[in-house]
Amino acid sequence: MPQPLLSPRNDIVFKLLFGDARHTEPLTGFLKAALDLPPEDLLDLLDIVLVDPHLNDIKSKQGILDIKAKTGTGKMVDIEIQLTEQPQMRERIVFYLSRMVAEQVSCGDSYRKIMRSICILITNYAQIPENNCYHNRYRLHDPRTGSEFTDLVEVNTLELLIMKRFT
């Protein structure tokens, strides 16, 4: 009798599947599918490397990312999977993203060193209940004019629901 497959939604299986530094093809394929990247950025994923998931700075609140990767040109990517609804998840993602930006520069460095930081939050629940989209993409922009302030930070949410509640 065949054994049931382990679910990739399981935190440990997820990290084994996408967090293997020797085999980055699954991670690269996932990022190509999940992110709306221009063709020139797709090549950047070929040089992706996994980096220490600990957010640096022992003096403040610690953050340990599920998967943290750096592309060939220095873009930072955090992938989080969350199966059960957590209070303040949005705030936590903003914290992680802010720390990923801040750790790119040190005292005396130019702010030009800051590369794009992207967080992908995969949930097994409706993280964004105010719409019926399974994939949401957020950046900094003026809601009145739609003009983008910067593309240096981006949050993507992917909801792994069989059916979202339609109201």
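The structure contained in this document is the topic of the report that follows. (Residues numbered from 1 in each chain as written. Predicted model: local features only at pLDDT ≥ 70, side-chain atom pairs only at ≥ 80, totals over all residues. Heavy atoms only, no water.)

## Let's talk about the overall build of the protein
Next up, step 1: For the protein, the helix and strand inventory stands at four helices and six strands.
Next up, step 2: Start at the N end of the protein and walk to the C end: the helices and strands fall as α-α-α-β-β-β-α-β-β-β.
Next up, step 3: By residue count, 38% of the 167 residues in the protein fall in the buried class.
Next up, step 4: In the protein, of all internal contacts separated by at least 6 residues, the share reaching a separation of at least 24 is 59%.
Next up, step 5: When the accessible area of the protein is evaluated, it comes to approximately 10700 Å², of which 59% is carbon and sulfur surface. (Helix = DSSP H or I, 4+ residues; strand = E, 2+ residues; numbered from the N terminus. Buried < 20%, exposed > 50% of the residue type's maximum accessible area, 1.4 Å probe, protein only. Contact = heavy atoms within 4.5 Å. Areas by Shrake-Rupley, 256 points an atom, 1.4 Å probe, with all protein chains shown as cover.)

## Some words on the nonpolar core
Next up, step 1: Within the largest apolar cluster, 19 residues are counted, with the highest numbers of intra-cluster contacts made by Phe14, Leu27, Phe30, Leu31, Ile79, Ile120 and Ile122.
Next up, step 2: Going through the elements one at a time, helix H1 (11-18), helix H2 (25-34), strand E2 (67-70), strand E3 (76-82) and strand E4 (117-123) are the ones with two or more residues in this core.
Next up, step 3: Broken down by element, this core gets its largest block of residues, four residues, from H2.
Next up, step 4: Beyond its immediate sequence surroundings of up to four residues, Phe30 is in contact with Phe18, Ile79, Ile120, Ile122 and Leu158. (Core = buried A, V, L, I, M, F, W, Y, C linked by side-chain atoms within 4.5 Å.)

## Side note on the environment of Asn136
Next up, step 1: Along the chain, the position of Asn136 falls in strand E5 (residues 135-141).
Next up, step 2: Look at Asn136 and you get buried, because its relative accessible area is 6%.
Next up, step 3: In this structure the C-alpha to C-alpha distance between Asn136 and Val155, which are 19 residues apart in sequence, comes to 8.0 Å.
Next up, step 4: With residues near it in sequence (within four places) discarded, Asn136 still touches Ile128, Asn131, Val155, Asn156, Thr157 and Glu159.

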